[in-house]
Amino acid sequence: MGLFGENQVFLSRLAHADRQSLLALGHRRVYRSQEELVGEGSSTTFVLLILTGWCTVWRATERGRLILALRQAGEIVGEMAALDGRPRSATVSALGTVEALVVPGDRFRHFMSARPFVTGLVMAQLTERLRSADDQRRSLASATVLERLAACLVELADRTGRPESGSTVIRLPLSQHEIAAAVGATREAVAKALRLLREEGLVRTGPKVITVTDPEPLRLLGGSAAPT
C-alpha cells in the first residue's frame, strides 16, 4: 500500500552530534489525539520532528478523508514547505498523543546546508515517500477493497507488529474509519472485508488491536512480497 516511507527513521540516521544540534533548534510541543500538526493549504514553513507517538498524513477528497501515510517517532514531517515555501500539500494529524519538536523552516534549511549528509538523507527520504505514494495510487486504481486491506494489514504487521503466541499483533490507535481512509474505501466496505478475513481465520480484531494469525495468504491476496 505504501503507507510507510523509509525503513530507517530520519533521527536514527544522524550522528549523535547532529542529533543534538537538531534537537536544540526548536521547541517541544504536545498534540492531543486528532489535533492537527499542520494543515493542508496553510502557508507555514516549520518542520516537525516526531518525538513520540504516531501521525497520519491525509488529504480531503470528494469521498472523504484519504490517509496517504503514517509517520512515527524519529521521522520529520513538513519539510517540503520548508524547502520550497509553497502551501502545505497535506494535513498531518496526531494519532493518539504526540510530542514533536517544532523547528522553524529557516533553521532547518541552515541545518541542512551545513551538513551535506543530512541534505542527502532528506532527498532520499523524499524519494522513498514519492515511491510509496506511487504504490498507493497504483493500488487505489487497480486493486479491490479486500486486496487493498490485505496489503495494508501486511504492511502494518511487517512494520509495526509484535510476535505473540505465533501470531503478529498490530497495536496502533487506528479506528475502522481510519483504516478505511488508509485503503481508500468506506467504513462499511472495510468492515465487510474484515469480516471475511476473520471468517477465514486470517485475522482477529479488537479495540485498536488487529492480530494477524496467518500472514502469507494476506500477502498473496495483497500482492506483496515477503520482507527481506
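Note that the structure is predicted; figures quoted are calculated from it, not measured. (Residues numbered from 1 in each chain as written. Predicted model: local features only at pLDDT ≥ 70, side-chain atom pairs only at ≥ 80, totals over all residues. Heavy atoms only, no water.)

Describing the pairing of strand 6 (residues 91-103)
Of all 13 residues that make up strand 6, eleven are buried, and the element is covered over most of its length. Strand direction decides the pairing type here: strand 3 (residues 47-61) and strand 6, joined by ten bridges, are antiparallel. Residue pairing for strand 6: Trp54 is matched across the bridge by Leu95. (Buried < 20%, exposed > 50% of the residue type's maximum accessible area, 1.4 Å probe, protein only. Helix = DSSP H or I, 4+ residues; strand = E, 2+ residues; numbered from the N terminus. Pairing = 2+ DSSP bridges.)

Some words on the packing of helix 6 (residues 145-160) against helix 9 (residues 215-222)
Where helix 6 meets helix 9, the axes come as close as 7 Å, and the angle between the chain directions of the two elements is 130°. Overall, the two elements helix 6 and helix 9 adopt an arrangement that is oblique. Considering the relative orientation of helix 6 and helix 9, their crossing is left-handed. On helix 9, the residues that touch Leu146, Glu147, Ala150, Ala151, Leu153, Val154 and Asp158 of helix 6 are Pro215, Leu218, Arg219, Leu221 and Gly222. Here the contact of helix 6 with helix 9 is built from residues that sort into eight nonpolar, one polar and three charged. (Axes fitted to C-alpha atoms, helices over the stretch in contact; angles between N-to-C directions. Parallel < 35°, antiparallel > 145°, perpendicular 65-115°, else oblique. Left-handed = near helix turned anticlockwise from the far one by under 90°. Contact = heavy atoms within 4.5 Å. Nonpolar A, V, L, I, M, F, W, Y, C, P; charged D, E, K, R; others polar.)

Notes on the sheet that holds strand 9 (residues 203-206)
Read from one edge of the open sheet, four strands run 7-8-10-9, paired in antiparallel fashion. Two strands close off the open sheet at either side, each with one partner strand: strand 7 (162-164) and strand 9. Within the sheet, the average angular offset between the axes of one strand and its neighbour, ignoring direction, is 25°. Pairing of strand 7 with strand 8 (residues 167-171) involves three bridges; the strand directions are antiparallel. From the neighbouring strand, Pro163 faces strand 8, where its bridge partner is Thr168.

Overview of the packing of aromatic side chains
Counted under the stated rule, the structure contains two aromatic pairs. With a centroid separation of 6.1 Å and an interplanar angle of 85°, the aromatic rings of Phe4 and Trp54 are classed as edge-to-face. On the criterion of sequence distance, the pair formed by Phe4 in the segment before helix 1 (10-13) and Trp54 in strand 3 is long-range, its members being 50 residues apart. Just as Phe4 is buried, Trp54 falls in that class too. The lysine or arginine in question, Arg65, covers the ring of Trp58, its NZ or CZ lying 3.8 Å from the ring centre. The lysine or arginine in question, Arg88, covers the ring of Phe46, its NZ or CZ lying 4.9 Å from the ring centre. (Phe/Tyr/Trp six-rings, centres within 6.5 Å; stacked < 30°, edge-to-face > 60°. Lys NZ or Arg CZ within 6 Å of the ring centre and 35° of its normal.)

Section: the packing of helix 6 against helix 8 (residues 187-199)
Following both chains from N to C, one finds helix 6 and helix 8 inclined at 70°, their axes separated by 10 Å at the closest point. Between helix 6 and helix 8, the crossing angle belongs to the class labelled roughly perpendicular. Residues Val145, Leu146, Leu149 and Leu153 of helix 6 touch helix 8, and the partners they reach there are Ala189, Val190, Ala193, Leu194 and Leu197. Tallied by class, the residues present in the contact of helix 6 with helix 8 amount to nine nonpolar, no polar and no charged.

A look at the nonpolar core
In terms of nonpolar packing, the biggest core is built from 32 residues, with Leu70, Leu149, Leu153, Leu156, Val190 and Leu218 touching the most fellow members. Elements supplying a minimum of two residues to this core: strand 3, strand 4 (64-72), helix 6, helix 7 (176-183), helix 8 and strand 10 (209-212). If you tally residues by element for this core, the top one is helix 6, at seven residues. Beyond its immediate stretch of four places on either side in the chain, Leu70 contacts Leu3, Phe4, Trp54, Cys55, Thr56, Glu75, Leu95, Leu156, Leu172 and Leu174. Membership of the second largest hydrophobic core comes to 18 residues, among which are Leu14, Leu22, Leu51 and Phe111. (Core = buried A, V, L, I, M, F, W, Y, C linked by side-chain atoms within 4.5 Å.)

Thoughts on the pattern of salt bridges
Overall, the coordinates contain nine salt bridges when judged by the stated rule. Ionic pairing is found between Glu35 and Arg29, a salt bridge with its closest N-O pair at 2.9 Å. Relative accessible area serves as the criterion here: at 16%, Glu35 is assigned to the buried category. By relative accessible area, Arg29 is classed as partly exposed at 38%. Of the charged contacts in the structure, one is a salt bridge between Arg219 and Glu216, with a shortest N-O distance of 3.5 Å. (Salt bridge = Lys/Arg side-chain N within 4 Å of Asp/Glu carboxyl O.)

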